[in-house]
Amino acid sequence: MGLPLGALGLFGEAFQFVFQGREAATGGVTVGGLDQVLELAAKQLEVTLLALLVSLVLALPVGVLLGHYGKGEFVAVSAGNAGRAIPELALIALMAAAVGVGLFNLVVALAILGIPPILTNAFVGIRQVDQVSVEAARGMGMTDREIITKVELPLAVPTIMGGVRTSAINIIATATIAPLAGILTLGDFIISRNVYGDAGVLAGAILVALMALALELTLAGIQWKLTSPGLKIQRT
Amino acid sequence: MSSWVADGWLADGWLAGAAVSSDFFRDRSGGGCIQENKLFCPDWAINNLDRYSDPTLQHLVLVVSAVAAGFVIAFSLAVLAHRHRFLSSPFLAATGVLYTIPSISFFFLLLPITGRGAVTAIIALTAFTLQIIFRNMTTGLRNVPPEVTEAARGVGLTATQVLWKVEIPLAMPEIIAGLRIATVSTVALATLAVFANGGGLGAEIVTGSNITFKTGIIIAGSIAILMAIVFDALLLLTGRLLAPWKRVAL
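Here's what I pulled together on the structure shown here.

Each value, and the rule that gives it
Residues numbered from 1 in each chain as written. Chains lettered and ligands numbered in written order. Predicted model: local features only at pLDDT ≥ 70, side-chain atom pairs only at ≥ 80, totals over all residues. Heavy atoms only, no water. Helix = DSSP H or I, 4+ residues; strand = E, 2+ residues; numbered from the N terminus. Buried < 20%, exposed > 50% of the residue type's maximum accessible area, 1.4 Å probe, protein only. Contact = heavy atoms within 4.5 Å. Areas by Shrake-Rupley, 256 points an atom, 1.4 Å probe, with all protein chains shown as cover. Patch = residues over 30% accessible without salt bridge, like charges linked within 9 Å, V, L, I, M, F, W, Y side chains within 5 Å. Salt bridge = Lys/Arg side-chain N within 4 Å of Asp/Glu carboxyl O. Axes fitted to C-alpha atoms, helices over the stretch in contact; angles between N-to-C directions. Left-handed = near helix turned anticlockwise from the far one by under 90°. Nonpolar A, V, L, I, M, F, W, Y, C, P; charged D, E, K, R; others polar. Buried area = accessible area lost by both parts, 1.4 Å probe. Polar contact = N/O pair within 3.5 Å; in protein donor to acceptor, adjacent residues only side chain to side chain. Expected span 1.5 Å × (residues − 1). Bend = angle between axes of the 7 residues up to and from the residue. Phe/Tyr/Trp six-rings, centres within 6.5 Å; stacked < 30°, edge-to-face > 60°. Lys NZ or Arg CZ within 6 Å of the ring centre and 35° of its normal.

## Quick word on the overall build of chain A
And then number 1: Within chain A, the secondary structure is distributed over ten helices and two strands.
And then number 2: Secondary structure elements in chain A, listed N-terminal to C-terminal, are α-β-β-α-α-α-α-α-α-α-α-α.
And then number 3: Across the 236 residues of chain A, 47% fall into the buried class.
And then number 4: Relative to all contacts within chain A whose residues are 6 or more apart in sequence, the contacts with residues 24 or more apart total 72%.
And then number 5: Taken as a whole, chain A presents about 11000 Å² of accessible surface, with 67% of it coming from carbon and sulfur.

Here's what the structure looks like:
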């Protein structure tokens, strides 16, 4: 149990690590500092957004179409359940050890984690749309394409974005252990304690937490923008 | 059992383990398959399966403690929020923040306070489960038809009795669904506990500074997946027993 005062001191050191840098635990060189922090943060964001984009492109159309035609419920729902059971550490480690390190492989591994929630939520969101609304739209002469884009998708926004947010959180959290797969993200501060010391570890932990929260808030904002004005009145 | 939870299972070194890695490398000098580090070496797996029993047990303790603590806290929060509706949004926001902070980051935010070890890992994993359980339970309670609670009050039940005898039993399918999601995710996440020196199956994936031993990664990963499946099936069964009038959806 550390004393509160000691804990406070470490937070001060972490602060110094982020803004000025500190001597490496191994001695000699200075590590940390804003330049390195920004570089690693940019890498973490890049990896996260790339993986999220790949997940969206692959999972969203499939989930929406399956939901619209009411097919493949078992696949769409099991994917979500199975995805949760994948141990992140084992996935990244196996990818690095068996397939190889590098950006491409890392993004593939992260997308494997990102696809299931988006697929399942897209399916469920579209499927949950009141069939009366869909029939009314059909009665007005809308094509399948119009029904999807003008009726089903707007009504399914909250559920679909729920899936996207789950994916994003999972991906950015796992991108933290990306240094194990040879891509240096903010997680390097956490994982390479022998280089950065306790101040670096704590700084990394704070930065990763802030970044995840910022991403979540951004996605919540996007969800708000995407939700049609009529639905916002009902949902208080 | 409680002593190793308190002290951390591994020596205090970083990921450490001299104890873990030295016998590990001795094992590796054995057969050709291991030396070539092929994708999966069945002989090694069969001969070394016993080395996975302790990590599996530790993993089990991590998951069960975290989910049990998460359930107790989230359940209480949900009951409170059900009674006092204005608490619902702040609880949702607070648990949302805890859910969003990556567990691995959480471990090290706790480090100055709780140090390194299984307790730190359990706290972080507990924090992760809160939102899932809370959200599902509040949804379940909200979906109880008002006619039913009115009828219950009509036959003379107090608010507390309505909650425990009518609302919670009717919300059971959603509560169990939340528990299943939380448990399965926690089994997977608990592999990261190794970074907090919390032991578990992750310690067999990151052995010393070595994360290239494929057979070990596959065995530890498979045990974690299997554990998730078993927990999921057990909770599904529990759900059917507790809410026999309604089949819990797969």
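## Section: the overall build of chain B
And then number 1: Along the backbone of chain B there are eleven helices and zero strands.
And then number 2: Across the 250 residues that make up chain B, the buried fraction comes to 57%.
And then number 3: Of the contacts formed within chain B by residues at least 6 apart in sequence, a portion of 76% connects residues at least 24 apart.
And then number 4: Summed over its atoms, the accessible surface of chain B is roughly 11000 Å², and 66% of this surface lies on carbon and sulfur atoms.

## Quick word on the environment of Leu91(A)
Residue and element names in this part refer to chain A.
And then number 1: When you line up the elements, leucine 91 lands in helix H4 (residues 88–99).
And then number 2: Sequence spacing of leucine 91 and alanine 109 is 18 residues, and the spatial spacing of their C-alpha atoms is 6.8 Å.
And then number 3: Setting aside residues up to four positions removed in sequence, leucine 91 forms contacts with Ile86, Ala109, Ile112 and Leu113.

## Section: a nonpolar patch on the surface
Residue and element names in this part refer to chain A.
And then number 1: Where nonpolar side chains cluster on the molecular surface, the patch consists of Phe15, Phe19, Leu34 and Leu38 and spans about 420 Å² of accessible area.
And then number 2: Where the nonpolar patch is concerned, the elements lending two or more residues are helix H1 (4–19) and helix H2 (33–69).
And then number 3: Relative to the helices and strands, leucine 34 resides in helix H2.
And then number 4: Owing to a relative accessible area of 37%, leucine 34 belongs among the partly exposed residues under this scheme.

## Observations concerning the packing of helix H6 (residues 88–100) of chain B against helix H8 (residues 118–142) of chain B
All names here are of chain B.
And then number 1: Two elements in contact, H6 and H8, have axes whose closest approach is 7 Å; the angle formed by their N-to-C orientations is 145 degrees. Seen from above, H6 lies across H8 with left-handed handedness. Of the residues in H8, those in contact with Ser88, Phe91, Leu92, Thr95, Gly96, Leu98 and Tyr99 of H6 are Ala127, Phe128, Leu130, Gln131, Ile132, Phe134, Arg135 and Arg142.
And then number 2: Among the residues forming the contact of H6 with H8, the class breakdown is nine nonpolar, four polar and two charged.

## Brief notes about the interface of chain A and chain B
And then number 1: Taken residue by residue, the interface counts 37 residues in chain A and 37 residues in chain B.
And then number 2: Of all residues in chain A, the largest losses of buried area upon contact with chain B belong to Arg84(A), Pro87(A) and Leu89(A), amounting jointly to 17% of the total for that side.
And then number 3: The interface formed by chain A and chain B holds zero salt bridges in total.
And then number 4: Joining chain A to chain B, the criterion identifies one residue pair in polar contact (both at pLDDT 80 or more).
And then number 5: Contributions of two or more residues to the side of chain A that touches chain B are made by H1, helix H3 (73–85), H4, helix H7 (144–175), helix H8 (187–191) and helix H9 (193–226) of chain A.
And then number 6: At eleven residues, the largest contribution of residues to the side of chain A that touches chain B is made by H9(A).
And then number 7: In the side of chain A that touches chain B, the residues fall into 28 nonpolar, four polar and five charged.

## Digging into the environment of Leu39(B)
And then number 1: Its place among the elements puts Leu39(B) in the loop between helix H3 (32–35) and helix H4 (42–48).
And then number 2: Separated by 176 residues in the primary sequence, Leu39(B) and Thr215(B) place their C-alpha atoms 6.0 Å from one another.
And then number 3: Not counting residues within four places of it along the chain, the set of residues in contact with Leu39(B) comprises Ala98(A), Lys214(B), Thr215(B) and Ile218(B).

## Considering helix H5 (residues 103–127) of chain A
And then number 1: Here H5(A) spans 36 Å end to end across 25 residues, near enough to the 36 Å set by a 1.5 Å rise per residue.
And then number 2: In the structure, H5(A) departs most strongly from a straight axis at Gly114(A), where the bend amounts to approximately 30 degrees and where the proline Pro116(A) lies between one and four residues downstream.

## Description of the packing of aromatic side chains
And then number 1: Using the criterion set out here, one finds ten aromatic pairs over all chains in the structure.
And then number 2: Their ring planes at 80 degrees and their centres at 6.4 Å tell us that Trp44(B) and Tyr52(B) sit as a pair that is edge-to-face.
And then number 3: Here the aromatic rings of Phe71(B) and Phe75(B) are separated by 5.4 Å at their centres, their planes lie at 50 degrees, and the arrangement is tilted. Here Phe75(B) and Phe71(B) lie together in helix H5 (residues 53–83), a separation of four residues that amounts to about one turn.
And then number 4: Chaining the aromatic ring pairs together yields one cluster made of Phe17(A), Phe189(A) and Tyr196(A).
And then number 5: In this structure, Arg51(B) packs its charged tip against the face of Tyr52(B), placed 6.0 Å from the ring centre.

## Re the pattern of salt bridges
Pairing between side chains becomes possible if they bear opposite charge and their charged atoms approach one another.
And then number 1: Overall, the coordinates contain seven salt bridges over all chains when judged by the stated rule.
And then number 2: Between Lys43(A) and Glu46(A) there is a salt bridge, and its shortest N-O distance comes to 3.5 Å. With a gap of three residues between them, Lys43(A) and Glu46(A) both fall in helix H2, about one helical turn apart.
And then number 3: Owing to a relative accessible area of 35%, Glu46(A) belongs among the partly exposed residues under this scheme.
And then number 4: Salt-bridge contacts for Arg180(B) lead to Asp232(B); the nearest nitrogen and oxygen are separated by 2.9 Å. Separated by 52 residues along the polypeptide, Arg180(B) in helix H10 (residues 159–189) and Asp232(B) in helix H11 (residues 214–242) bring together distant segments of the chain.

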